Amino acid sequence: MENSIINTNPSLRDLDFDIHQLNTDKYIETAKNVKLYVKDYGKGKPVILIHGWPLSNEMWEYQIEFLVKNNYRVIAYDRRGFGKSSQPWDGYDYDTLTDDLSEIIEQLQLENVTLVGFSMGGGEVVRYFSRHHGKGVAKAALISSIIPFLLKTDDNPEGRPKEKSDATAASINEDRIGFLDNFGKIFFGVNIINKPLSTPLLEYYRNLCAAASPRATLQCAESLNTTDFRDELHTIKVPTLIIHGNDDKNVPIEVSSEKTAKAIENNTFIVYEGAPHGLFYTEKDKLNRDLLEFLNS
C-alpha cells in the first residue's frame, strides 16, 4: 500500500531521498479504509512508541523530544480509534491491533527496532512476537504494562474481577467524560496530599482521552482486561526492559510486571518506588534515562 503523506511539499517530490526518512507526520493505511496517524522524527535506530488506553501518541511528548535529541528515530502512532487515526466500528482485538503495528513496520521498512509499549500497548508488543515472530525487532520495553493477564480466573486468582470491568464499562456508557476525569486522577496518583501535575495538564490528558472513539474506548477496555498473554511470553527472545510503579492503582504490579519478569528470560526489571500508572509524566526524567541506557546497551 502507498502511504498518504501529510503536508508534503510538492517541490520535494523529484529529489533523490528516501521519503520514509522525512521528519514529519503522515498517515499510513494499514487495512482497507483504516489509516493510522504516525509521527516519524529523527534519524538513527528506530524506536516505536505504543500508547496506552485511552490516550494517543501525544502522551509520549517528553520521550519523543528526548530520544530524537539522543540520535534515535522515533515513530509514535495513534492506535485505530484513538487520536487522529481512523475510527472504524470493529477491529479492536489484539490480533487486528498488532496487524496494524506490523503494517507500520513493513511499510516504513524498519529493521533493528525497539518496541516500547505502555500499559495496553504492552499487549501489541507481546502479540507481535507471537503472531509476527518479532520480525525486525531487536529489543522490547514494557512500561506499566497490562501483561500478562488482568482478569481474575480460577488459575489467575490475583486478577481483576469481571464485575470491576463491567462497572467500568457501565460508567463509560453512562458518562464517558466524567469517568475519564476521575480515571485521570487515579492514573497519575492525584489526591489531597499529592499533586504531581498541574490541573491544566491533567485536563489536557483528559481531553486526549475524550478525543477517542467511544466504541474504541469500550472495545479496547474489554481487550486489555480479558486477553491472556501468559502462553505468549516465551516467544520474546530479545532483551526486554520492564518498568512499573509499585503504587500503580490501575494495573497493580503484583498481577502484571512481577509475573512478566519471571516469564521473560532476558529482562531488566526496574521498580519505581511510589510511582503511579502514569509514570511517563510523573517520572519522566528517570524513565527517559532508563530507556536511553537500555537502548544504548
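Structure shown above.
This is a predicted model, so every value here is computed, not measured.

Novice: Where do I start with the layout of surface pockets in this structure?
Specialist: Over the atoms rolls a probe the size of a water molecule, and its path tells where empty space is left. Quantified by volume, the largest pocket comes out at close to 370 Å³. What lines the largest pocket is a set of 18 residues, and nearest its centre among them are W53, R160, T168, F183 and N250. No other element matches the six residues that helix α4 (residues 162-187) contributes to the lining of the largest pocket. Within the lining of the largest pocket, the residues separate by chemical class into nine nonpolar, six polar and three charged. Taken as a whole, the second largest pocket holds about 250 Å³ of empty space. Sorting the residues of the lining of the second largest pocket by element identifies α4 and α5 (199-210) as the ones contributing at least two each.

Novice: What am I meant to see in the side chain of R73 here?
Specialist: Its location among the elements puts R73 in strand β5 (residues 72-77). Among the polar contacts made by the side chain of R73, one reaches the side chain of D40 at a distance of 2.7 Å.

Novice: Quick question: what am I supposed to make of the packing of helix α2 (residues 94-107) against helix α3 (residues 121-132) here?
Specialist: Working note: a packed helix pair is described by the angle between its axes plus the distance between those axes. Packing of α2 against α3 brings their axes to within 9 Å, and their N-to-C directions diverge by 80 degrees. One finds that α2 runs roughly perpendicular with respect to α3. Along the contact surface, α2 presents Y94, D95, L97, T98, D99, L101, S102 and I105, while α3 presents G123, E124, R127, Y128, R131 and H132. Across the contact of α2 with α3, the residue classes break down as five nonpolar, four polar and five charged.

Novice: What should I look at first to understand the environment of H51 in this one?
Specialist: The residue H51 is located in the loop between β4 (45-50) and α1 (61-69) in this model. Accessibility expressed as a relative area gives 0% for H51, which makes it buried. For H51 and I253, which are 202 residues apart along the polypeptide, the C-alpha to C-alpha distance reads 19 Å. Apart from the residues lying within four places of it in its own chain, the contact partners of H51 are S56, N57, M59, W60, Y77, D78, R79, F82, F118 and G121. Of the polar contacts made by the side chain of H51, one reaches the backbone oxygen of L55; its length is 3.3 Å.

Cut-offs used in this document
- Residues numbered from 1 in each chain as written.
- Predicted model: local features only at pLDDT ≥ 70, side-chain atom pairs only at ≥ 80, totals over all residues.
- Heavy atoms only, no water.
- 1 Å grid on protein atoms, 1.4 Å probe; cavity = no way out; pocket = protein on both sides within 12 Å on 5 of 7 lines; lining within 4 Å.
- Points joined across faces, edges and corners; volume = space filled by probe spheres on them.
- Helix = DSSP H or I, 4+ residues; strand = E, 2+ residues; numbered from the N terminus.
- Nonpolar A, V, L, I, M, F, W, Y, C, P; charged D, E, K, R; others polar.
- Polar contact = N/O pair within 3.5 Å; in protein donor to acceptor, adjacent residues only side chain to side chain.
- Axes fitted to C-alpha atoms, helices over the stretch in contact; angles between N-to-C directions.
- Parallel < 35°, antiparallel > 145°, perpendicular 65-115°, else oblique.
- Contact = heavy atoms within 4.5 Å.
- Buried < 20%, exposed > 50% of the residue type's maximum accessible area, 1.4 Å probe, protein only.

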